[in-house]
Amino acid sequence: MANEDKVITTEMPSGKDGYEVTHSKSHVFYDGYERKGDLQKQTHYCPGCGHGVVHKLIAEALEDLGVQDRTIFVSPVGCSVFAYYYFDVGNVQVAHGRAPAAATALKRACPGSIVISYQGDGDLAAIGTAEIIHAANRGEKITVFFVNNAIYGMTGGQMAPTTLVDQKSTTSPFGRRPVNEGFPMHVAELLSSLEAPVYIERVALSDNKNIMKARKAVRKALELQKEGAGFTLVEILSPCPTIWGKDPTEARKWVAEKMIPVFPLNVFRDRKVEMPVGNPPPVRPIAEVLEITPVADTGVAKPKPHHHHFKTFGVKVAGFGGQGVLLLGQLVAEAGMQEGLEVSWLPSYGPEMRSGSAHCHVCLSKQRVGSPLISYPDVLIAMNEPSLRKFAAQVPANATILYNASHLPNDFQPPEARIICIPASEIADRLGSTKAANIVMMGALLEETECLAASTAMQVLQDKVKKVSMLEVNRRALAAGRQYIDHEAHVGAVSQPDGCGK
Ligand SMILES: Cc1ncc(C[n+]2csc(CCOP(=O)(O)OP(=O)(O)O)c2C)c(N)n1
Ligand code: SF4
């Protein structure tokens, strides 16, 4: 877009006294705002709102510093939630209070970018207190613009941590009382007590002179980031005429007369911080960190290529904590990976470590996995009765349920799916460890469905189980599960203690 295109010209009657008013907006703003058809030229902010001024200062600074193309603007939740409609930069809008965390990730992933975390006082100083303190304490190389208007604007004027003593709000209708709601929070001072921040200043949009100072502070913070310095924050005391119930001029006056005495304007921090370097963390291959030893590297022969008869194969494993439900899912996923499939494993469990319910979804696929959620599994492995009752109805007619028991509960209404009862816990018990019931089920799964090769499963067990005696139990459990399917299980008969389904 050429420069001239963004110049808005108002033609006045020409002639002797005629004149032309020309004003322009920064090229960092979009030409038109696509928010609403009839509001292409204006923002959604109320007349006299400080957000519009701060946007202008930021846009001009980004333009002057020549960093528009590498800027990422993180919008908060609050009145400025729509900042992405205005800034023609990289935009991310995040959950309430999380902007510094998202900005951290963005900056670390793209160290050459200029990352801005833009936040109101509710967003930064209430719900996002932890995020801002830790981002500042870590010295993240981001710039935070903290718009303090002493109130929650977007939601209609609730008390913010920055609300002044005696200031009325919808949640402090008689005025803020320190004895009840505490004192206004001084964010710039609070963060200045930390070691890492490089630059922290508080400015105000109370009059033109102070707006010029704010302009300088905004530039300085962004310039420092451009130079590679650490954490920078500008707190901006900002009018909110609408919620304060004042006209724009009175609101600015209120910033000067009421806010500045409580939040003094100051440069609280302006120093380069030398971060101690320390030993660099060890660099290890991802496969090693995830304990996925490529088969070729183990010195053991690669498993024979296995024919996969499916495009996508979904398994749900369910039971209670301690039955190795999640581990069974991991082993299946791991074996799938070793056979060159795309895989996913999605665990789900309650807060209890033991005896609570647990289940996991495993997807084996020849294509990239779209969703790790298995709503209609090809196989349900139900390790206990509650899991059978809970998930059986999700299993389609042409799919299979492997149930850990010698027969179905008498009052159970079997679904259309094939059900195979396998007393896996009893079998594992006989082999010397009830814990190996999940591996018995794995053997049954492989033998019944041939989704993966048993040799791959054995390979995975060898990689995972370090204790020789336990590995031997697992080897026998895997074989026992397969054998049960081949020689003892029956499908589709009555609910009898002979491994039968319906
Ligand atoms: C998790 C969550 N909690 C609460 C809200 C409701 N909420 C939306 S904006 C807001 C506060 C906005 O105030 P502030 O951050 O000061 O920004 P302003 O609107 O004044 O610019 C709140 C509490 C929400 N959207 N999400
Ligand atoms: S409510 Fe206040 S902060 Fe929100 S847009 Fe209006 S003036 Fe600005």
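All values derive from a computational prediction rather than experimental measurement.

## A look at the overall build of the protein
Here is step 1 of the chain: Scanning the protein for helices and strands turns up 16 helices and 15 strands.
Here is step 2 of the chain: In the protein, which comprises 502 residues, the share counted as buried stands at 48%.
Here is step 3 of the chain: Within the protein, counting contacts between residues at least 6 apart in sequence, those at least 24 apart form 63% of the total.
Here is step 4 of the chain: Counting every atom, the protein has about 24700 Å² of accessible surface; 54% of that belongs to carbon and sulfur.

## Things to note about helix 16 (residues 468-487)
Each α-helix turn comprises 3.6 residues. Residues three or four places apart therefore point the same way.
Here is step 1 of the chain: Between its terminal C-alpha atoms helix 16 stretches 28 Å, which fits the 28 Å expected from 20 residues at 1.5 Å a residue.
Here is step 2 of the chain: When helix 16 is considered as a whole, its buried residues turn out to be Leu471, Val473, Asn474, Ala477, Leu478, Ala480, Gly481, Tyr484 and Ile485.
Here is step 3 of the chain: As for helix 16, its buried residues are in contact with strand 15 (418-421), helix 13 (424-431), helix 14 (437-449) and helix 15 (454-464).

## What about the sheet that holds strand 4 (residues 90-93)?
Here is step 1 of the chain: Strand order in this open sheet of seven strands is 4-3-5-6-8-7-9, and the pairing throughout is mixed. With one partner strand each, in any of the chains shown, strand 4 and strand 9 (266-270) form the two edges of the open sheet. Neighbour-to-neighbour, the strand axes of this sheet turn through a mean angle of 15 degrees, independent of strand direction.
Here is step 2 of the chain: Relative to strand 8 (residues 232-237), strand 7 (residues 199-204) is paired through six bridges, and the arrangement is parallel. Residue pairing in the sheet places isoleucine 200 in a bridge with leucine 233 of strand 8.
Here is step 3 of the chain: Helix-sheet contacts for helix 2 (residues 99-109) involve strand 3 (71-75), strand 4 and strand 5 (114-120), and the interaxial angle to strand 5 is about 175 degrees.
Here is step 4 of the chain: Sheet strands touched by helix 7 (residues 208-226): strand 5, strand 6 (143-148), strand 7, strand 8 and strand 9. Its angle to strand 7, the strand with the most contacts, is close to 160 degrees.

## Regarding the environment of alanine 102
Here is step 1 of the chain: Tracing the sequence through the fold places alanine 102 in helix 2.
Here is step 2 of the chain: Setting aside residues up to four positions removed in sequence, alanine 102 forms contacts with Val74 and Val94.

## Observations concerning the confidence of the model for the protein
Segments scoring low in pLDDT should not have their predicted coordinates read at a detailed level.
Here is step 1 of the chain: Taken residue by residue, the protein gives an average pLDDT of 90. The fraction at 70 or more is 89%.
Here is step 2 of the chain: Segment residues 493-502 is flagged for pLDDT under 50; beyond a separation of four residues in sequence, or across chains, it makes 37 contacts in the model.

Rules and cut-offs
- Residues numbered from 1 in each chain as written.
- Chains lettered and ligands numbered in written order.
- Predicted model: local features only at pLDDT ≥ 70, side-chain atom pairs only at ≥ 80, totals over all residues.
- Heavy atoms only, no water.
- Helix = DSSP H or I, 4+ residues; strand = E, 2+ residues; numbered from the N terminus.
- Buried < 20%, exposed > 50% of the residue type's maximum accessible area, 1.4 Å probe, protein only.
- Contact = heavy atoms within 4.5 Å.
- Areas by Shrake-Rupley, 256 points an atom, 1.4 Å probe, with all protein chains shown as cover.
- Expected span 1.5 Å × (residues − 1).
- Pairing = 2+ DSSP bridges.
- Axes fitted to C-alpha atoms, helices over the stretch in contact; angles between N-to-C directions.
- pLDDT = per-residue confidence, 0-100.

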